[in-house]
Structure formats: C-alpha cells, structure tokens
Amino acid sequence: MDYRLIKAALIDMDGTLYDSMPNHARAWKRVMDTVGVDATEDEFFLYEGQTGAKTIDLMIRRAFGRPATDQEKHDLYAMKAKFFVEQPPVEVMPGAIELVKLLRNHGIDTVLVTGSGQNSLLSRLDSDFPGAFPPEKRITSASVTHGKPHPEPYLKGLALAGVCPEEAIVIDNAPLGTASGHAAGIYTIGVVTGPVPRAELEGNGADIVYNSMAECAETLSRLL
Ligand code: CA
C-alpha cells in the first residue's frame, strides 16, 4: 500500500467517527420491543451499515413472514430516530479527530459515507470535524438506493471525491462496511470499535484491521 498515491479517504460515521453504535443498538431493540418483534441488542451491530429500511424489512420478515410495508419502514425508522436521540449523548470516537486532521494535513480529501440518515449526528459534523465533511461531501442514506454491503455507497463516495479506486482508502468499523469498500475496489481499513471481532472484518474484505481509531491514526502518521 503506497499512501503517497492516496487523494481521498472515504470514512464511515457510526462506530467510526462517533461512538454511537451502542445507542443505535438500544434504540433498535426498543423499536422491536414496541412492535412485538424478538431481537437482541447485539444483532444490530451486525446489521450496521445497511439502510434502516433493510433492517426493518429483515426483522418484519423474520417475525411475521412477510415483507415490511413502506409505511412500516417509514414509521419504524422515525420511531428509531426518536428513541436514538433520547439516549445519552454520543461522544466522538477517541482518535477520530486526530485521524481526520492527519489525513487533511497531508492533503487527503475526506468524504463521509454512511448508511445513516440520523440528523442528530449529521448536524454535529461541522462542529466536531470543522471543514472535513461539508454537506456536499456526504453520502448518506438519502444518496443511495442500495446500502452497504453493496458497493454503491463507496462508489458514490469515489465519484464525489473525483478519484479512482486506486487513489482512495475506506475506513469503516462494520463487516457490511468493509465488504462494501472491498466490493468498490478500494483499499479498505477495518477498525474494531465495538463487540464485532476483527476476524469478522478480515473475513469481509478489510485489507488491514486496526484495534482502535487511535491505533489507526498513530500508524498512518508514520506511513504518510
Ligand atoms: Ca459504522
């Protein structure tokens, strides 16, 4: 991997820039409890990266043996977003600010690639990461037809950055995310930031896995 060729970093949000996954998992579990669908908090870490609509469809199919209606997808996602903001405040992931600064100081463009449409976090990006992820440098759930692990989100991130796959890196914490980056043909860095073990990232397209965002930042500071 020659980092001198890299012009853009395509970076995931939940569980990568923000330590938000426990809150997402709790909010999803509460939605499923409300509508009478059996689920565990931990399983939502594995669905991380796919669209909310897809997660809702998966749960409704499993519980009731039929696809979710568009109304259910809309209503349950709204409920989940409401439950999410009722959780304790989300912290920036330790090491994330340092990593984003490091990349930008080396002239590497940064683009957000998230399956989320959670405005409570998207609206914080400008203050937590000044200049790094302006609205025109974001791929969100509103930008794509297919969520991760489909390559579409990261392919659209490449297009936004105006670079080819060989000129980019992906940084993502979830198996579906690393699979998406890999499928887009991009060198993919997996970061362990929660209960998902590194083997899940290695088995889903990650070219290298770091044990934290801080470790990723520290290592890249030596490679760049
Ligand atoms: Ca993530």
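Computed from a predicted structure; not experimentally measured. (Residues numbered from 1 in each chain as written. Predicted model: local features only at pLDDT ≥ 70, side-chain atom pairs only at ≥ 80, totals over all residues. Heavy atoms only, no water.)

**Student:** What is the right way to look at the sheet that holds strand 2 (residues 109–113) in this model?
**Tutor:** To summarise the sheet geometry, strands pair through backbone hydrogen bonds and adopt either a parallel or an antiparallel arrangement. Across the sheet, 6 strands lie side by side as 3-2-1-4-5-6; this open sheet has parallel pairing. Two strands close off the open sheet at either side, each with one partner strand: strand 3 (138–139) and strand 6 (208–210). Sheet topology note: the strand 4 (residues 168–172)/strand 5 (residues 187–191) ladder contains 4 bridges and is parallel. By the bridge assignment for strand 5, isoleucine 171 is matched with isoleucine 189. On top of the sheet, helix 9 (residues 175–183) reaches strand 4 and strand 5; it is set at about 170° to strand 5, its chief contact. (Pairing = 2+ DSSP bridges. Helix = DSSP H or I, 4+ residues; strand = E, 2+ residues; numbered from the N terminus. Contact = heavy atoms within 4.5 Å. Axes fitted to C-alpha atoms, helices over the stretch in contact; angles between N-to-C directions.)

**Student:** Quick question: what am I supposed to make of the packing of aromatic side chains here?
**Tutor:** Each aromatic ring pair is summarised here by two numbers: the centre-to-centre distance and the angle between the ring planes. In total, this model carries 6 aromatic pairs according to the counting rule given. Residues tyrosine 18 and phenylalanine 129 carry aromatic rings whose centres are separated by 5.9 Å and whose planes lie at 85° to one another, so their mutual orientation is edge-to-face. Placement of the pair is tyrosine 18 in the loop between strand 1 (8–11) and helix 1 (21–35) and phenylalanine 129 in the loop between helix 7 (125–128) and strand 3, with a sequence separation of 111 residues. With respect to class, tyrosine 18 is no different from phenylalanine 129; both count as buried. (Phe/Tyr/Trp six-rings, centres within 6.5 Å; stacked < 30°, edge-to-face > 60°. Buried < 20%, exposed > 50% of the residue type's maximum accessible area, 1.4 Å probe, protein only.)

**Student:** It is not clear to me how the pattern of salt bridges should be interpreted in this structure. Could you clarify?
**Tutor:** A side chain with one charge can pair with a side chain of the opposite charge if their charged atoms come near. Evaluated as defined, the whole model comprises 16 salt bridges. One salt bridge in this structure joins arginine 124 and aspartate 128, with 3.0 Å as the shortest N-O distance. Judged by its relative accessible area of 23%, arginine 124 is partly exposed. Between aspartate 172 and lysine 148 there is a salt bridge whose closest N-O contact spans 2.9 Å. Here aspartate 172, found in strand 4, pairs with lysine 148, found in the loop between strand 3 and helix 8 (152–161); they are 24 residues apart in sequence, far enough to count as distant. (Salt bridge = Lys/Arg side-chain N within 4 Å of Asp/Glu carboxyl O.)

**Student:** Which parts of the structure should I look at to understand the coordination of the calcium ion?
**Tutor:** Put simply, the ideal angle at a metal is 109.5 degrees for four donors in tetrahedral geometry and 90 or 180 degrees for six donors in octahedral geometry. Taken together, Asp12 (OD), Asp12 (OD), Asp14 (O), Glu48 (OE) and Asn173 (OD1) make up the full set of protein donors to the calcium ion, lying 2.1 to 3.2 Å away. For the calcium ion, the donor residues sit on a single chain with the sequence spacing D-x1-D-x33-E-x124-N. Each member of the pair, aspartate 12 together with aspartate 14, is buried. (Donors = N, O, S within 2.8 Å, 3.2 Å for Na, K, Ca; no water.)

**Student:** Help me understand the environment of glycine 190, please; the structure alone is not making it clear to me.
**Tutor:** Inspection of the secondary structure puts glycine 190 in strand 5. What makes glycine 190 buried here is its relative accessible area of 0%. Those residues in contact with glycine 190 that lie beyond four places of it in its chain are Asp172, Thr178, Leu201, Ala206, Ile208, Val209 and Tyr210.

**Student:** In this structure, what is going on with the packing of helix 5 (residues 96–105) against helix 11 (residues 213–223)? I would like to understand it.
**Tutor:** It is the contact of helix 5 with helix 11, at a shortest axis distance of 8 Å, that shows an interaxial angle of 25°. Put simply, helix 5 runs roughly parallel to helix 11. By crossing handedness, the relation of helix 5 to helix 11 is classed as left-handed. Residues Ala96, Glu98, Leu99, Leu102 and Leu103 of helix 5 touch helix 11, and the partners they reach there are Met213, Cys216, Ala217, Leu220 and Ser221. (Parallel < 35°, antiparallel > 145°, perpendicular 65-115°, else oblique. Left-handed = near helix turned anticlockwise from the far one by under 90°.)

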